[in-house]
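Topology and contacts: notes
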Amino acid sequence: MPTRTVRVIRMATRLVFLVLIAVWQARAAALDFEFRPPATAGNAATASVMRDLAQRLIPVYQEADPDRYLANLSALQLAAGDYAAAYSSRETLRDRRRKADQGRPVGRSMIYDIYAHARAMEGENGIAFPEAFAKSFREDVSKLDDQDAYAVTRWFGIALPVFREALQKPFDRQRAKDRIDESDAVALIWAYVAFDAYRTFGPVADALVAEDDQRRYSVDDEVVIQTSERASIAAVVIRPRSATKPLPALFEFTSHEPQNYAKECAAHGYVGVVAYTRGDGQGSAKVAPYQHDGDDARTVINWIAKQPWSDGRVGMYGEGYSGFMPWAAAKRLPSALKAIATSAARAPGINVPMEGNIFQNSAYRWSLHMTNSKASDDPGDRDDAQWRELDQKWYRSGMRYRDMGRLFGRPNPIFIRWLNHPSYDRYWQKMVPYREEFARINIPVLTTTGYFAENEPGDLYYFTQHHRYNPHADHTLLIGPYDDHSMQHGPLATLDGNQVDSAAQADLRELRYQWFNHVFKGGAMPNLLKDGINYEVMGENEWRHAPSLEAMGQGLQRFYLDAGASGDAIHRLMQHKKAKSAFVQQTVSLVDRTDAGWTAPTDLVSNRVTPHNGETFVSEPLTRPTEFSGLLSGQLDFTVNKMDMDLYISLYELLPSGDYVRLFGPSYEFRASYAQDRVHRHLLKAGERQLLTFKSERLMSRLLQTGSRLVM
């Protein structure tokens, strides 16, 4: 029961203002309710427990925002089993929002409109739920255009375990308590309604979605395209049935990854084509990641341009490995390729299988996965523990790097081939445009990346090289507080504990279609893409626009490493250079392998930063808010007793609260001998004092607050 409730006024002659005073007094103190969660989301008692909570909430629930009130009220009514009232609330909400939502994509709320309507028909008309749901689904979805229908049916495709987990977590958090406040109770009701809805309509939704797709799209999922080398490439082609003339095609060339955006492309008025690399799908030939992909992509593009449903124009897109494909194709300059849009794109030889010319252990795992046509069915391939064990076993063994496959028991010639090319030599240069080849790429390009994206160095390589060799390149960059996952699946409100600014919570996939519409259909350029560089300033909740990377900041912020200690910091980060310098001595034992279990921290927000075989430098507190935007560059003055070393650099904002917030991630890493030239190795001079200049391949943009410190 609520701790404070509105006392019932039994005498009709009491003045109205007394009732108003009583309501105000009740709301002045936060309402909370007695509540003990069931053991599990699927427990037989869960429905009755949540019904009881909802029934106690409904009489006292209030919300100043009418739209939020109606939405939350409908959830309470659904949980309480009052389906007719819930559908009435949702109808009222839809009527209120009709004008405001005009022209906007249909949101997830329609799922609950359809569900509430079906439940209401089931209760009032005695219709079995599957029949009622089918009737409600067809009535609402049939009225939508392809794009809105795709948005709605995509929500229906979310797996039930997602909602079970989303309900189980608050149940577990609540278990030690015997009361729940109103806001948490409403959120819990929504989690329950979502879980209950998806488990109820799940058995019938897939068939209805397939039925709607059959009406809207023509699907050919048995396409096989022959290459000049007599290899075969499997492809899927999806076309909107409403098309009355040939259309431009949007094409993704990918590996055996489950995501397929061909239908999404068709829903946006294009022919959607997804082709699979050699050895995947119905294709044939031996897999060799990166080596043949550019030629194969050109083959598919030329095939697309000759089809009767094609208007001869092709746009390519992709993320990660498939983000490398458009650049591999552009190197070959197929005439039908008119635009490319990539996110978190790999650049072989740049950020995979090494970064900063430092090879990554994950390259062995990935190459093994790619060359195993049944890898997606191998549960061992998804076992992270066995790969961590391999890393540690190799590290402790002292064996050569190229013996990792022998140690694991599964040699891989692809991995060995990569290790034979530690420099950015002709082997890698043949895969994507190199130097002057960028000058010949005169099609529009959109690059989307994030400050916390693993593949950001690849994105920046393509962007900087394109502009360097083609000053008039039509190449736009958008970057924000994203990692690889959030760019593919959509930004979240929080990323690894870091609050993401509301301005950055944009639909990046929809932005890509708006950009393609600008290129192929004469649509307006999206507002977010106002200039060559479009970046969100973390902490300021604002997008900025600049013509170049150099123009992102207001000038250079210079800091100097100082050997002196300052408070809890080991060393100072000074804004003024001292007349007399001193060296910081660092000793690393290369024979000590007791740290095999250590892993680099990945948290974006943490309460302490402890360097591993490293040093920390901390600035004085900032006297005013200061924006740090752009690339970190620097010069190290050092003496080392080896002819090479690997360096890892991280930057943080140390808040007055004591929390450390990463400015970019992962750390910027590079091998010293390749810092100036990734093609040719220049070894260090052991035992001699020397200078090393570097420039980061990871962007940052954050407004550091007054009182914060910069930590390196």
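Residues numbered from 1 in each chain as written. Predicted model: local features only at pLDDT ≥ 70, side-chain atom pairs only at ≥ 80, totals over all residues. Heavy atoms only, no water.

This paragraph deals with the overall build of the chain. Within the chain, the secondary structure is distributed over 20 helices and 27 strands. Taking 712 residues into account, the globule formula puts the C-alpha radius of gyration at 27 Å, and the chain, at 29 Å, falls close to it. Projecting the C-alpha coordinates of the chain onto the three principal axes gives extents of approximately 95 × 70 × 50 Å. Taken across its 712 residues, the chain has 49% of its residues classed as buried. A separation threshold of at least 6 residues defines the contact pool for the chain, and within that pool the share at least 24 residues apart is 71%. Distance between charge centroids for the chain: 2 Å, based on 85 positive and 87 negative side chains. (Helix = DSSP H or I, 4+ residues; strand = E, 2+ residues; numbered from the N terminus. Rg over C-alpha atoms; globule rule 2.2 N^0.38 Å. Buried < 20%, exposed > 50% of the residue type's maximum accessible area, 1.4 Å probe, protein only. Contact = heavy atoms within 4.5 Å. Lys, Arg positive; Asp, Glu negative; His and termini not counted. Charge placed at Lys NZ, Arg CZ, Asp CG, Glu CD.)

Under the criterion given, the structure shown has 43 aromatic pairs. Through a chain of ring-to-ring contacts, the aromatic side chains of Y115, F129, F133, F137, F156, F163, Y198 and F201 assemble into a single cluster. R512 extends its terminal NZ or CZ atom over the ring of Y261, reaching a point 5.8 Å from the ring centre. The residue whose ring lies beneath R593 is Y395, and the NZ or CZ to ring-centre distance is 4.7 Å. (Phe/Tyr/Trp six-rings, centres within 6.5 Å; stacked < 30°, edge-to-face > 60°. Lys NZ or Arg CZ within 6 Å of the ring centre and 35° of its normal.)

A side chain of one charge can pair with a side chain of the opposite charge when the charged atoms of the two come close. For the coordinates displayed, the defined rule picks out 45 salt bridges. Here R138 and E211 are joined by a salt bridge, their closest N and O atoms 2.9 Å apart. Taken as a pair, R138 in helix α6 (residues 129–141) and E211 in helix α9 (residues 182–216) lie far apart in primary sequence, 73 residues in all. The partly exposed category is assigned to E211, whose relative accessible area is 38%. One salt bridge connects K263 with D213, and the closest N-O pair in it is separated by 2.7 Å. With a gap of 50 residues between them, K263 in helix α10 (residues 262–267) and D213 in helix α9 connect regions that are remote in the sequence. Taking the relative accessible area as the measure of exposure, D213 reaches 17% and is therefore buried. (Salt bridge = Lys/Arg side-chain N within 4 Å of Asp/Glu carboxyl O.)

We now examine helix α18 (residues 456–469). The terminal C-alpha atoms of α18 lie 20 Å apart, and with 14 residues this matches the ideal 20 Å at 1.5 Å per residue to within 8%. Of all 14 residues making up α18, 11 are buried, and the element is well covered by its neighbours. For α18, the set of buried residues is E456, P457, G458, D459, L460, Y461, Y462, F463, Q465, H466 and Y469. (Expected span 1.5 Å × (residues − 1).)

It is worth spelling out the nonpolar core at this point. Membership of the largest hydrophobic core comes to 65 residues, with the highest contact counts inside it found for F251, M316, F324, W418 and Y462. Of the residues forming this core, the biggest block, seven residues, is contributed by helix α12 (residues 321–331). Counting 58 residues, the second-largest nonpolar core is a separate cluster that includes V141, F163, F201 and V209. (Core = buried A, V, L, I, M, F, W, Y, C linked by side-chain atoms within 4.5 Å.)

For the bond running from V352 to P353, omega is -5°, close enough to zero to count as cis. Of note, P353 is situated in the loop between β8 (337–345) and β9 (354–355). Residue P666 follows G665 across a cis peptide bond; omega there is -5°. For P666, the position within the fold is in the loop between β24 (660–662) and β25 (668–671). Phi at A344 is positive, roughly 45°, even though this residue is not glycine. Tracing the chain through its elements places A344 in strand β8. On the basis of relative accessible area, A344 is assigned to the buried category, the value being 3%.

This part is about the packing of helix α8 (residues 160–174) against α9. Between α8 and α9, the shortest axis-to-axis distance is 9 Å and the interhelical angle comes to 150°. Between α8 and α9, the interaxial angle falls into the category roughly antiparallel. For the pair α8 and α9, the crossing hand works out as left-handed. Of α9, the residues touching α8 (which contributes L160, F163, R164, A166, L167, P170 and F171) are L188, A191, Y192, A194, F195, Y198 and R199. For the contact of α8 with α9, a count of residues per class yields 12 nonpolar, no polar and two charged. (Axes fitted to C-alpha atoms, helices over the stretch in contact; angles between N-to-C directions. Parallel < 35°, antiparallel > 145°, perpendicular 65-115°, else oblique. Left-handed = near helix turned anticlockwise from the far one by under 90°. Nonpolar A, V, L, I, M, F, W, Y, C, P; charged D, E, K, R; others polar.)

This part covers the sheet that holds strand β3 (residues 217–226). Reading across the sheet, the 10 strands line up as β3-β4-β6-β5-β7-β8-β11-β12-β15-β16 and stay open at both edges, with mixed pairing between neighbours. Looking at strand neighbours, the two that pair on one side only are β3 and β16 (542–546), the edges of this open sheet. Averaged over all pairs of adjacent strands, the angle between their axes in this sheet comes to 20°, without regard to strand direction. Its contacts with the sheet place α18 against β8, β11 (445–450), β12 (475–480) and β15 (533–537), and it is angled at close to 150° to β12. The strands that helix α20 (residues 508–521) touches are β5 (247–254), β7 (310–320), β8, β11 and β12; relative to β8, the one it contacts most, it runs at about 160°. (Pairing = 2+ DSSP bridges.)

A separate point is the pairing of β12. Most of β12 is tucked away, with six of its six residues classed as buried. Taking every second residue as pointing to the same face, both faces of β12 are buried, with H475, L477 and I479 on one and T476, L478 and G480 on the other. As defined by bridge partners, β11 adjoins β12 across six bridges and the pair is classed as parallel. Its bridge partner lying in β12, T447 is registered against L477. With α18 bridging β11 and the parallel β12, this β-α-β connection has right-handed handedness. (Right-handed = clockwise from strand over helix to strand, strands pointing away.)

By secondary structure assignment, the location of D501 is in the loop between β14 (498–499) and α20. No salt bridge is formed by the buried D501, whose closest oppositely charged neighbour, R702, lies at an N-O distance of 6.6 Å. At 3.0 Å, the side chain of D501 forms a polar contact with the backbone nitrogen of G539. (Polar contact = N/O pair within 3.5 Å; in protein donor to acceptor, adjacent residues only side chain to side chain.)

Read these as geometric descriptors, not functional statements.
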